[in-house]
Amino acid sequence: MSGATHTAGPRLYDRTAELAAVARLSARTAAGRGGVLFVTGNPGEGRTSLLSRAASDFPGTAYRVAAPHHRGPWSAARALFATLAPTPAAARRALRLARGEGGPARAVATLVTEAEPVLICVDDLHLWDAHSRAALAAAWQEAEGRGSGRPGRVGWLVSTARHHRFPEVPGAETVRLGRLTTAGARALLADLCTVAAPAPLVGERLLDEAAGHPGVLAATVRRLTAAQLAGTRPLPQPAVDDTVLAEVYGGLLERLPAASRRLLATVAVAVLAGRTGADCARAETYGVRDGGGGVGGRASARASAEPLEGLVADGLLRRRRGGAVGFDDPFLGRAALASARPSWRGETRAPGPATGATPSADPPTDRPAAGAAALARGQGHRADRLGPSAAVRALSPVARGRAQLVRGLAALAGGPVMDAHEELLQAAELLRGRAPVEASDARFLAMEAAWAGGDVEGCLAALDGGEDVRGTERDFADGLSAALTVRLDDARTALTRVVTGDGATDDPRLLLRAGSAALVLGDTATAARVHARALVRARAEHRTALLPRALEQLAYAELRAGRYSRAARTAREGLRTAEATGQHNVAAHQHAVLALVASVEGDGTAVTEHAGRALATAGPHGLVQAATLAEWALARAELGRGLAAQAAARLVPLVRPGPRGGHFALRMLVVPCFVEAAVATGRDAEAREAAEEYAAWAALGVDGPAQAQLARCRALLGEGEAPAYWFGEAVRRHDSCGNDFERARTLLAYGTWLRRRRRPGDARGPLRDALVTFERAAAGGWAEHTRSELRATGGASGGATDPAALRELTPQQQRIVRLVARGATNQEVADHLSLSPRTVDHHLRGVFARLGIRSRVELPGVVDGWDADREARTVATARPECR
């Protein structure tokens, strides 16, 4: 850290745009407007140099503040005020003020008393403690939001690593440092070689290997001797080796959690294993050769989806097209791999008699002589990057297993899921017995991939062979295998233990597994509750990469439970988080959930949009589950608009078994919708066949509303007066399972059947009840369909104030309506009429259904309308008598 500075700044190369941004900040500060400028870049790209140059060029007083070595609460703020304050006592007073109500803005204002403008250069904000960062961000937001005031004399130039997320500061400008051009790098090299210019071929090789990275180029030049620069002695192979990368990137890697460092190294291995020929760096160069099978045990690195997506979200990794994960900065990958423990990545040992290494297919060479010859030809820097594909085969089984695990995770998040399934199964096999925890994770992830792809055999293959798994993980594997093979008694026993055991923990991963087990058991309420807990825990622990999956599971559970508005809200949030982290397959599933919710609401435009986006990803990625949900949504929307023939044609493939059918876990859920559409279009035989299979499935008891929907199917397929019984049975069963939307669909079907049987008076009750429910659920399309059926009955469909509606109420209901319209509570009505409050509530529900209203607050207007109509009719009747 340093105080006010006016020393000459360093020379910068290819930083014209960055210096222009600094000049704009200086001009605003000099004019009394202040501001904040963020500078971001990778290690060694010149953030500190830019701050030094800005401080030296600033016309007023400039302060430079570096992150303190000790990182504790308020340690960085203490360093800031120690730099700004004239005395230690003043610094302590400022710190107390900053920690109080005044905040850092007021504390800085008390210290910056000069008439001239002040520039505060904060270096490495990502290394500041969280308390200081949060307080400083609040001060910047307050100053920028106010736009005026005394702190406008202060400008802030803040640098941070590229993976750090800046606070949201209105009006703040951000510049991102990048690599140098060839001309800029050549100029920097000339300045670095102060004694003598390097030999032309040496210089070209250094420029090529450094790839425009100023820090890497400087570190490489510093470790070379004068003879090496002159070309009389060979350069190291490669010149940019692990020592150079450790000097440049070591600080960044050391501050990352150990699991993140190991995962970065795993991704680097995966990138290496995916290259061949001229694009593959020699494995020995990176120290990845298996020199004796050094294998990490149970405490080894674990490559799971959550930290991988966290590294993507932080910008240390980037998800590419097709779901692959890689490095924007290849030097970071090499540095991460070099920093991995030798026991994890495999020791590097020179082949020879002592090691018993297998001879290479390449003839033995004198590497220094060969290097000199290659350098003389001007091709050494390229030859160093060539390596045989045997380098990949030389990796230890654990390294290869982790590489496949990373590729599988990438495909599971944003690529073909059955490719992910194969990668993850192979990873599990490589890790079995060597890294059992990771092998278990790989198997369960492979099961998830097969589930998303609708492949039962793939799920069973992933669940089989996990003999190392114990506890609730074993129960989950056994229970799910039993459910997939229709051994439901065994499944219930094992999965109930999972729900009870994992559902009582605070680990989001275990809670998600417990919620999935509850869904398989058909307990949608418990599944939604447990998944909601998992989401809360993931948020509390700031596990941002796990949020998309938690939101995906919760949205689906709420959808199955019939909580459509909640499902829509959860799915929208899940869609945002999935897209932000590059989890495109999760986003496709959320689009499918939103399409189904929109089909309930009758929003045809939203159904088409969300279903189309879900299918656009589901097709190429093999997401059978998302595709089935999307097609179901489209068919239900068509059925709600009265397009039964189109809906039936769309649903036929979904209810058929086999690889060309719908998803195995959704096929039976679609059957009631198909039966309704098929009966309406005369496809009775197909509807009857599907209903029989549905009856056998409903008897298993794995879906709460199934018995009610089965009764509806039998009513639609019944003859004579049998449908009346089955419709009544369906409504009765709906009352006990709680899905109001499906109950309203049953009432709509019942009312339609009664109308077609020429019983319009009997049809109006079920139709009005259905209309009220559809309106409460904001199911506009279904409500309009119900209104059309009501109009077809020829009854009172003009609204609650229609006089005919009054005549349909019993005298007791009319008395209750008038008392409630005056503001009486249920208890007061009960006392007045000598009834129980429960009876009053029952009558009110019937009134709401008959009148087509939603709540008691509408009753005063209804009663006023009736009274106005009665007075009008009284006046009309009295007029002839007056004549």
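Throughout, a residue's number is its position along its own chain's written sequence, starting from 1. A pLDDT threshold of at least 70 governs which residues receive local features in this predicted model, and a stricter bar of 80 or more applies before side-chain atom pairs are shown or counted, although totals over entire chains, interfaces and linings include all residues. Where side-chain values are given, they derive from all heavy atoms of the structure, hydrogens and water being excluded.

Within a regular strand, the side chains alternate between the two sheet faces. We call a residue buried when its accessible area falls under 20% of the maximum for its residue type, exposed when it is over 50%, and partly exposed in between, using a 1.4 Å probe and counting protein chains only. Strands here are runs of E lasting at least two residues and helices are runs of H or I lasting at least four, both read from the DSSP assignment and numbered beginning at the N terminus. For strand S4 (residues 118–122), the tally of buried residues reaches 5 of 5 residues, placing the bulk of the element in the interior. Both faces of S4 are covered, namely the face carrying Val 118, Ile 120 and Val 122 and the face carrying Leu 119 and Cys 121. Pairing of strand S3 (residues 61–65) with S4 involves 5 bridges; the strand directions are parallel. By the bridge assignment for S4, Val 65 is matched with Val 122. As paired strands, S4 and strand S5 (residues 154–161) are joined by 5 bridges and run parallel to one another. Counterpart to Leu 119 in the pairing with S5 is Gly 155. What makes two strands pair is DSSP finding at least two bridges between them.

This part takes up the packing of aromatic side chains. Ring pairs are drawn from Phe, Tyr and Trp, using the six-membered ring of Trp, whenever the two centres fall within 6.5 Å, and their geometry is named by plane angle: stacked under 30 degrees, edge-to-face over 60, tilted for the rest. Applying the stated criterion to the full structure yields 10 aromatic pairs. Centre to centre, the rings of Tyr 564 and Phe 741 are 5.6 Å apart; their planes meet at 75°, and the pair counts as edge-to-face. With Tyr 564 in helix H29 (residues 564–580) and Phe 741 in helix H38 (residues 740–756), the pair connects residues that are 177 residues apart, well separated along the chain. With a relative accessible area of 3%, Phe 741 lands in the buried category. Note on Phe 727 and Tyr 750: the rings are 5.1 Å apart at their centroids and 25° apart in plane angle, and the pair reads as stacked. Of this pair, Phe 727 sits in helix H37 (residues 722–737) while Tyr 750 sits in helix H38, and the two are 23 residues apart along the sequence. For Tyr 750, a relative accessible area of 18% translates into the label buried. Through a chain of ring-to-ring contacts, three or more aromatic side chains come together here, namely Phe 38, Trp 140 and Trp 156. Positioned above the aromatic ring of Trp 632, the side-chain terminus of Arg 636 is 5.4 Å from the ring centre. In our convention, an over-ring charge means Lys NZ or Arg CZ found within 6 Å of a ring centre and within 35 degrees of that ring's normal.

Structurally, the position occupied by Trp 128 is in the loop between S4 and helix H6 (130–146). Overall, the relative accessible area of 1% leaves Trp 128 in the buried class. In sequence terms Trp 128 and Trp 74 are 54 residues apart; their C-alpha atoms lie 8.6 Å from each other. Every residue in contact with Trp 128, bar those within four places of it in the chain, is listed here: Val 65, Ala 67, Arg 71, Ala 76, Leu 80, Val 122, Asp 123, Arg 133 and Leu 136. Here, two residues are considered to be in contact whenever any of their heavy atoms come within 4.5 Å of each other.

Before going further, it helps to spend a moment on the pairing of S5. In terms of residue burial, S5 counts as a mostly covered element, since 8 of its 8 residues are buried. Judged by which residues are buried, S5 turns out to be covered on both faces: Val 154, Trp 156, Val 158 and Thr 160 on one side and Gly 155, Leu 157, Ser 159 and Ala 161 on the other are all buried. Across 7 bridges, strand S2 (residues 35–41) lies against S5 in parallel orientation. Each bridged residue has a counterpart across the sheet, and for Val 36 the counterpart in S5 is Trp 156.

Attention shifts here to the packing of helix H36 (residues 706–717) against H38. Taken N-terminus to C-terminus, the directions of H36 and H38 make an angle of 15°; their axes are 11 Å apart at the nearest point. Comparing their axes, H38 and H36 come out roughly parallel. The hand of the H36/H38 crossing is left-handed. Taking contact as the criterion, the partners of Gln 709, Arg 712 and Leu 716 in H36 are, on H38, Glu 742, Arg 745, Thr 746 and Ala 749. Each residue receives one of three labels: charged for Asp, Glu, Lys and Arg, nonpolar for Ala, Val, Leu, Ile, Met, Phe, Trp, Tyr, Cys and Pro, and polar for the others, Gly being one of them. Partitioning the contact of H36 with H38 into residue classes produces 2 nonpolar, 2 polar and 3 charged. Axis definition: a line fitted to C-alpha atoms, over the contacting stretch in the case of helices. Angles run 0 to 180 degrees between N-to-C directions. Roughly parallel means an angle under 35 degrees; roughly antiparallel means over 145; roughly perpendicular covers 65 to 115; every other angle is labelled oblique. Here a crossing is taken to be left-handed if its near helix is turned anticlockwise relative to the far helix by less than a right angle, and right-handed if that turn runs clockwise.

Attention now goes to the environment of Phe 674. Tracing the backbone shows Phe 674 in helix H34 (residues 667–680). A residue is classified by how much of its surface remains accessible, and Phe 674, at 2% relative accessible area, is buried. In this structure, the C-alpha to C-alpha distance between Phe 674 and Leu 651, residues 23 residues apart in sequence, is 5.9 Å. When sequence neighbours within four positions are dropped, the list of residues in contact with Phe 674 reads Ala 648, Leu 651, Val 652, Val 655, Glu 686, Ala 687 and Ala 690.

Now for the side chain of Glu 45. Note that Glu 45 resides in the loop between S2 and helix H2 (47–57). On the basis of relative accessibility, which here comes to 3%, the residue Glu 45 falls in the buried class. Aside from chain neighbours lying at most four places away, what touches Glu 45 is Arg 15, Arg 162, Leu 177, Gly 178, Arg 179, His 213 and Pro 214.

Time to look at the nonpolar core. In this structure, Leu 405, Met 447, Phe 476, Leu 559, Trp 632, Leu 651 and Phe 774 are the most contacted members of the largest nonpolar core, which totals 126 residues. When residues in this core are grouped by element, the largest group, 11 residues, is from helix H30 (residues 584–601). In contact with Trp 632, other than residues within four places in its own chain, are Leu 596, Leu 651, Leu 654, Leu 669, Val 670 and Cys 673. Judged by nonpolar contacts, the second largest core, of 49 residues, contains Leu 217, Ala 219, Leu 256 and Leu 316. Nonpolar cores were defined as sets of buried Ala, Val, Leu, Ile, Met, Phe, Trp, Tyr and Cys residues, with membership established by side-chain atoms within 4.5 Å.

Further remarks concern the pattern of salt bridges. When a carboxyl oxygen of Asp or Glu is within 4 Å of a side-chain nitrogen of Lys or Arg, the pair counts as a salt bridge. Under the counting rule described, the total for this entry stands at 40 salt bridges. Where Arg 179 meets Glu 45, a salt bridge forms, and the shortest distance between an N and an O atom there is 3.2 Å. With Arg 179 in the loop between strand S6 (173–176) and helix H7 (182–192) and Glu 45 in the loop between S2 and H2, this residue pair connects regions lying 134 residues apart in the sequence. Here Arg 613 makes a salt bridge to Glu 579, at a shortest N to O gap of 3.5 Å. Of the two residues, Arg 613 sits in helix H31 (residues 604–621) while Glu 579 sits in helix H29, which places them 34 residues apart along the sequence. Look at Arg 613 and you get partly exposed, because its relative accessible area is 41%. Given a relative accessible area of 40%, Glu 579 falls into the partly exposed group. The network of salt bridges with common partners includes Arg 636, Glu 676, Arg 712, Glu 742 and Arg 745.

Time to look at the state of the cysteines. Cysteine pairs can be covalently joined through their sulfur atoms, and such a bond is termed a disulfide. Count a disulfide wherever a pair of cysteine sulfur atoms falls within 2.5 Å. Going through the model one piece at a time under the given rule, you end up with 0 disulfides. Just so you know, Cys 713 is unpaired, no disulfide at all, and the nearest cysteine sulfur is the one on Cys 673, 9.8 Å from it.

Before going further, it helps to examine helix H4 (residues 88–99). Every helix has an expected span of 1.5 Å times one less than the residues it contains. Taking 1.5 Å as the rise per residue, H4 with 12 residues should run 16 Å; its terminal C-alpha atoms sit 17 Å apart, in good agreement. For H4, the complete set of buried residues consists of Ala 90, Ala 91, Ala 94, Leu 95 and Ala 98. The arc that holds the buried residues of H4, viewed along the axis, is 140°, so those residues lie on one side. Opposite the packed face of H4, turned more than 90 degrees from it, sit the exposed residues Arg 96 and Arg 99. Looking at the packing, one finds that the buried side of H4 touches helix H3 (75–84) and helix H5 (103–111). Throughout, the arc means the angular range of directions from the helix axis out to the C-beta atoms.

Glancing now at unusual backbone geometry. Gln 237 connects to Pro 238 through a cis peptide bond whose omega is -5°. Of note, the phi angle at Trp 74 is positive, near 65°, even though the residue is not glycine. If you trace the backbone, Trp 74 turns up in the loop between S3 and H3. One non-glycine residue with positive phi stands out, namely Arg 758, at about 60°. As for its placement among the helices and strands, Arg 758 is situated in the loop between H38 and helix H39 (760–776).

Attention now goes to the confidence of the model for the protein chain. Think of pLDDT as the predictor's per-residue confidence, scored from 0 to 100. On average, residues of the protein chain carry a pLDDT of 78, and 81% of them reach 70 or more. When pLDDT is averaged over each helix and strand of the protein chain, the minimum, 34, is found for helix H13 (residues 283–286) and the maximum, 92, for S4. Segment residues 275–304 is flagged for pLDDT under 50; beyond a separation of four residues in sequence, or across chains, it makes 81 contacts in the model. When the criterion is pLDDT under 50, residues 795–800 qualifies, and its contacts beyond four places in sequence or with other chains add up to 18 contacts.

Now for the packing of H29 against H30. One can describe the packing of H29 onto H30 by two numbers: an axis separation of 9 Å at closest approach and a directional angle of 155°. Here H30 runs roughly antiparallel to H29, going by the angle between their axes. Both H29 and H30 take part in a crossing whose hand is left-handed. Touching Tyr 564, Ala 567, Ala 568, Thr 570, Ala 571, Arg 572, Gly 574, Leu 575, Ala 578 and Glu 579 of H29 are Val 586, Ala 587, Gln 590, His 591, Val 593, Leu 594, Val 597 and Val 600, all from H30. Residues that form the contact of H29 with H30 fall into these classes: 12 nonpolar, 4 polar and 2 charged.

This part is about H7. Residues separated by three or four positions in an α-helix point in the same direction, a consequence of the helix having 3.6 residues per turn. Buried within H7 are the following residues: Gly 184, Ala 185, Leu 188 and Leu 189. Looking down the long axis of H7, one finds its buried residues gathered within 140° of arc, a one-sided arrangement. Set apart from the buried face of H7 by more than 90 degrees, the exposed residues are Thr 182 and Ala 183. Buried positions along H7 lie against helix H8 (200–210) and helix H9 (214–222).

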